[in-house]
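Coordinates in review
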Amino acid sequence: MNGLIQDVRFALRQLRLSPGFALVAIASLALGIGANTAIFQLLDAVRLRSLPILHPEELAEIKIVGGTHGFGVTSSEYAQLTRPIWQELHEHHEPFAGVFAWSVQQQHVGKGSDSRTVRGLAVSGDFFPVLGVEPWRGRLLAPTDEQDGSCTISRVVVSYPYWQSQMGGRTLTGNETLMVEGHPADVIGVTAPAFFGLAVGEGFDIAFPFCHPKEIQRQVFDISVMGRLRPGWTLERASAQLGASSPGIFEATAPSGYSAKAIQQFKEYRLAAYSASEGVSWLRVIYDSSLKLLLAITGLVLLIACANLANLMLARATAREREIAVRLALGASRGRLLRQSLAESALIAGVGTVLGIALAQLLSRVLVWSFSAKSNPAVLDVGTDWRVLLFAAAAAILTCLVFGVAPALRSTRSEPVAAMKAGGRGLTGSRERFSAQRLMVVVQISVSLALLVGALLFVRSFRSLTTFDPGMREHGITLAFLEFEDSHIPPSRYEEFKRELLDQVRSVPGVLDAAITTNVPLLGGSWTHNIHTAAAEGASKFSWVSPGYFKTMGISLQAGRGFNDNDTTTSSRVAIVNQAFIRQFLGGANPIGQTLRTSPEPDYPSTVYEIVGVMPDTKYNDLRGETPPMAFAPASQFPAQGPGVALLIYSNSSPEIAVKHKIAEAHPEIVTQFSDFQQDIRDGLMRERLLAMLSGFFGLLAGLLAMVGLYGVISYMVARRRNEIGIRVALGSPRAQVVAMVMREAGQLLLIGVVIGIAISLIAGRSAGSLLFELKPYDPLTLSVSIALLSIISALASFLPARRAAKVDPMVALRYE
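Residues numbered from 1 in each chain as written. Predicted model: local features only at pLDDT ≥ 70, side-chain atom pairs only at ≥ 80, totals over all residues. Heavy atoms only, no water.

**Section: the overall build of the protein**
Scanning the protein for helices and strands turns up 23 helices and 25 strands. The dimensions of the protein, computed from C-alpha atoms along their principal axes, are 105 × 65 × 55 Å. Taken across its 817 residues, the protein has 51% of its residues classed as buried. Accessible surface, the protein as shown: approximately 36,000 Å² in total, 59% of it carbon and sulfur. If you average the places of the 73 positive and of the 66 negative side-chain charges in the protein, the two averages end up 17 Å apart. (Helix = DSSP H or I, 4+ residues; strand = E, 2+ residues; numbered from the N terminus. Buried < 20%, exposed > 50% of the residue type's maximum accessible area, 1.4 Å probe, protein only. Areas by Shrake-Rupley, 256 points an atom, 1.4 Å probe, with all protein chains shown as cover. Lys, Arg positive; Asp, Glu negative; His and termini not counted. Charge placed at Lys NZ, Arg CZ, Asp CG, Glu CD.)

Set out below in structure tokens:
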């Protein structure tokens, strides 16, 4: 222990004597380890951390094996099952000590047009008891709170953040109420601060009990079902039991109104149990591969930083050869000297790690902010837990080994007699001494090239997405969602009332046009119908839009006519199709006058549509991927009219306030919600933005580190060969030849590093290909630009020491030894 303390004190003295080296080394490691730890913290919060509930390892989710393959209607996030299936599982759940159902439902809190949207959880009465969640204030929902018949929300539980931000954290007296969907609801309790629900990264505002409506839509998948395994049961055993009971469950819950083939598909579904200890998360689906890729990128940056430090340590070890030789000659053991050298490396790694962990707290919060949409902020606990500390400790040990061992061995292996001879370094500098440094530089160059290629690919991919023309207008479009359920408009007047609302919006100053749609494009929504034509059958996307939709969205029809006021509920059904539809279902023939028939679904009877127009291929629900077959029909002929409407408003200003005021004057009970169409599209590109931003930053950082590393090695090699260069100059060698000699040395390292870097880039690019848009991982332009950029960086890094070498005074150089 005394020896260890002495070694640490000696290392501290050595670092104090070289403050510049200490600051560069610690800062490099702090940045590298901090970046790696920040990405890992995010990965830990999204992927690895268990739910903050009692015994999360016992929680399982019941889902259909392989999904529904598009059958039915999915009306809620994370929805996996229908209400009838839930009722069957609630009555027969042998593998589980308890089961519960839940769904995400956006709710409006407040009155009429002044209300705002909150994230709500509709839960069965066993939700909180099965999870083992305790109340922070008041009480939580219980089975007795479930309602039959009436679906008016009469009592709610609020989350801790909502209680703090919207209710001021005041004590519950039993008289607190919230106006939910136009009706007062008693606030009966507050959940604990750690409980955010079951969706990681999203949180919730209010939770309310399920209602049991008299009429259940058996084709709507709107809930998720989870349960706690009984003691002794495993997921495999529970899945086997669920599989055995599945035929009876799906036979009893089959919906009506579909074709016999579709019903048979439903009856062949099978249920299974899947681990839910880590909850569910769209962030996990969207960002899992991206975070792993970023962790690999930051790991490579740390490797470059370690290579830089290893070069610096090797240079220091060579400079201290005579000191080490004297100590060996005086009786110091090589083992003790090795420990002292490793103590210095460990001290640098330890301080760098501590600072890196502190830096990671800031970086991880910046990352959470970077993929939080304005309308949907990410809610993640990125605090430091044992996994993060273990990861940081492993990174510290690994970096210490990478940059500390080789210099330590170098400093203790020389022979005292040879090292102490005057001029022992030799007149030519013995190039073999620089092999380790050369290897480190080659590693830096090759890895830096791979990171630069990746950075350029992601930046160019993101730019392509943001500048891509989806075939429709993006700028100047405002989305308005209007709900008039509390207006007591009879269903028979829904279609007429929507036209009245549309006319009112069009009358607002600054509004150039507006249209109704059942599906807003490019934002992920989708509606699919199975259709039949004379030539083929299959699936096509469907939207119902009002006259003026194509003009509002800047889409020009290529043939036929658009919709007009004569296309009414009682007129013949008509449709406009895109080119992909014509290719797939009509064999490229002239579509005007031909017909298509939809397959029957509940509330959507089999219908024959006459094709009256042709539109170009535009993107449907996403900028990526191929354009699917699409059919548009008049909004007046939509078979499932409801008390709500989605409007697309084209204007030369921001019309939200004026439109909201106009509607509130005539209908104060209508709930309105607005968003900017272009911003919503940008919010859907957060993953690409994150990759472009971080890979670009780390790519430039890698290039800078490579420049510093190459500059350091070339400078050190020039310094070690100063007497040789002096002799060359004294014998008449032109100074330009000296510059060329040094540049040639750097060029060889660059060439080797580039060749290896290209190979790494091509191999690594395969895993990132799915994240690119309109680019291939082996894009020649990206490779060329990256090589050119790295060559410029390397030329600058090597030219400065080469120029300095050419100016050396021969007499000074020959006296140097």
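Having seen the model, we can carry on.
**Notes on the nonpolar core**
Ranked by internal contacts, the top residues of the largest apolar core, which has 70 residues, are Leu42, Phe371 and Leu380. Taken together, the elements giving at least two residues each to this core come down to α2 (19–48), α8 (282–319), α10 (334–370), α13 (435–467), α19 (686–720), α20 (722–730), α21 (735–768) and α22 (780–806). Looking at this core element by element, the count peaks at 13 residues for α19. For Leu42, the contacting residues outside a window of four places in its chain are Leu291, Ser364, Leu367, Val368, Phe371, Leu380 and Val382. Counting 46 residues, the second-largest nonpolar core is a separate cluster that includes Val109, Ala238, Phe266 and Tyr269. (Core = buried A, V, L, I, M, F, W, Y, C linked by side-chain atoms within 4.5 Å. Contact = heavy atoms within 4.5 Å.)

**Describing the pairing of strand β10 (residues 183–191)**
Within a regular strand, side chains alternate between the sheet's two faces. Of the pairings in the sheet, the one linking strand β6 (residues 135–138) to β10 comprises 3 bridges and is antiparallel in character. Note that in β10 the partner of Arg137 across the bridge is Val190. Two strands pair when backbone bridges link them, and strand β8 (residues 155–158) and β10 are joined in this way by 4 bridges, in the parallel orientation. Bridging across to β10, Arg155 finds its partner in Asp186. Sheet analysis places strand β9 (residues 177–180) next to β10, joined by 4 bridges and oriented antiparallel. Considered in β10, the bridge of Met179 is made with Pro184. If you look at the hairpin formed by β9 and β10, you'll find 2 residues sitting between the two strands, and Glu181 has a positive phi there, around 50 degrees. (Pairing = 2+ DSSP bridges.)

**Details of the packing of helix α1 (residues 2–17) against α2**
With their axes 5 Å apart at the nearest point, α1 and α2 run at an angle of 105 degrees to one another. One finds that α1 runs roughly perpendicular with respect to α2. Together, Leu15, Arg16 and Leu17 of α1 and Pro19, Phe21 and Ala22 of α2 make up the contact between the two elements. Taken together, the residues that form the contact of α1 with α2 break down as 5 nonpolar, no polar and 1 charged. (Axes fitted to C-alpha atoms, helices over the stretch in contact; angles between N-to-C directions. Parallel < 35°, antiparallel > 145°, perpendicular 65-115°, else oblique. Nonpolar A, V, L, I, M, F, W, Y, C, P; charged D, E, K, R; others polar.)

**Details of the confidence of the model for the protein**
Scored by pLDDT, the protein comes out at a mean of 86, with 94% of its residues at no less than 70. Counted against residues more than four places away or in other chains, residues 422–432, with its pLDDT under 50, gives 21 contacts. (pLDDT = per-residue confidence, 0-100.)

**Let's talk about the packing of aromatic side chains**
Using the criterion set out here, one finds 31 aromatic pairs in the structure. With a centroid separation of 4.4 Å and an interplanar angle of 5 degrees, the aromatic rings of Phe40 and Phe391 are classed as stacked. Placement of the pair is Phe40 in helix α2 and Phe391 in helix α11 (residues 386–412), with a sequence separation of 351 residues. For Phe40, a relative accessible area of 13% translates into the label buried. (Phe/Tyr/Trp six-rings, centres within 6.5 Å; stacked < 30°, edge-to-face > 60°.)

**Some points on the pattern of salt bridges**
In the structure shown here, the tally under the stated rule is 22 salt bridges. Close ionic contact of Arg139 with Asp145 constitutes a salt bridge, the shortest N to O distance being 3.0 Å. Taking the relative accessible area as the measure of exposure, Arg139 reaches 37% and is therefore partly exposed. Using a relative accessible area of 3% as the deciding quantity, one classes Asp145 as buried. In this structure, Asp513 engages Arg506 in a salt bridge whose closest nitrogen and oxygen atoms are separated by 3.6 Å. Given the relative accessible area of 10%, Asp513 is considered buried. Through salt bridges with shared partners, one network takes in Asp622, Arg624, Arg687 and Glu688. (Salt bridge = Lys/Arg side-chain N within 4 Å of Asp/Glu carboxyl O.)

**Focus: unusual backbone geometry**
A positive phi is found at Asp603, a non-glycine position, where the angle reads about 70 degrees. Here Asp603 is to be found in the loop between β21 (595–598) and β22 (608–615). The partly exposed category is assigned to Asp603, whose relative accessible area is 47%. Positive phi outside glycine occurs at Glu774, with the angle close to 60 degrees. Mapped onto the fold, Glu774 is located in the loop between α21 and α22. The exposure class assigned to Glu774 is exposed, which follows from its relative accessible area of 56%.

**Some details on the packing of helix α3 (residues 83–91) against helix α6 (residues 235–252)**
Where α3 contacts α6, the two axes come as close as 10 Å, and the packing angle between them is 130 degrees. By the angle between their axes, α3 is oblique relative to α6. Here the hand of the crossing between α3 and α6 comes out right-handed. Every residue of α6 that contacts α3 at Ile85, Glu88 and Leu89 is listed here: Leu242, Ile249, Phe250 and Ala252. In terms of residue class, the contact of α3 with α6 is made up of 6 nonpolar, no polar and 1 charged. (Left-handed = near helix turned anticlockwise from the far one by under 90°.)

**Looking at a nonpolar patch on the surface**
A cluster of nonpolar side chains, namely Met1, Leu4, Ile5, Val8 and Leu12, defines an oily patch on the protein surface of about 490 Å² accessible area. Classification of Ile5 as partly exposed rests on a relative accessible area of 44%. (Patch = residues over 30% accessible without salt bridge, like charges linked within 9 Å, V, L, I, M, F, W, Y side chains within 5 Å.)

**Some remarks on the side chain of Asn36**
Within the fold, Asn36 resides in helix α2. Here Thr298 takes part through its backbone oxygen, which lies 2.8 Å from a polar atom of the side chain of Asn36. Those residues in contact with Asn36, other than ones at most four positions away along the chain, are Leu295, Thr298, Gly299, Leu302 and Phe391. (Polar contact = N/O pair within 3.5 Å; in protein donor to acceptor, adjacent residues only side chain to side chain.)

**Considering the side chain of Thr298**
Examined against the element boundaries, Thr298 turns out to sit in helix α8. A polar side-chain atom of Thr298 sits 2.9 Å from the main-chain carbonyl oxygen of Leu295. Discounting residues that sit within four places of it in the chain, Thr298 has contacts with Ala35, Asn36, Ile39 and Phe698.

**What about the environment of Asp126?**
Relative to the helices and strands, Asp126 is located in the loop between β5 (116–123) and α4 (127–131). On the accessibility criterion, Asp126 (22% relative accessible area) is partly exposed. Considered as a pair, Asp126 and Glu688 are 562 residues apart in the sequence and their alpha carbons are 40 Å apart. In this structure, Asp126 is in contact with His90, Val99, Phe100 and Pro143, ignoring residues within four places of it in sequence.

**Considering the environment of Lys214**
Along the chain, Lys214 turns up in the loop between β12 (211–212) and β13 (220–229). Looking at Lys214, the relative accessible area reads 79%, which means it is exposed. For the pair Lys214 and Leu701, spaced 487 residues apart in sequence, the C-alpha to C-alpha distance is 62 Å.

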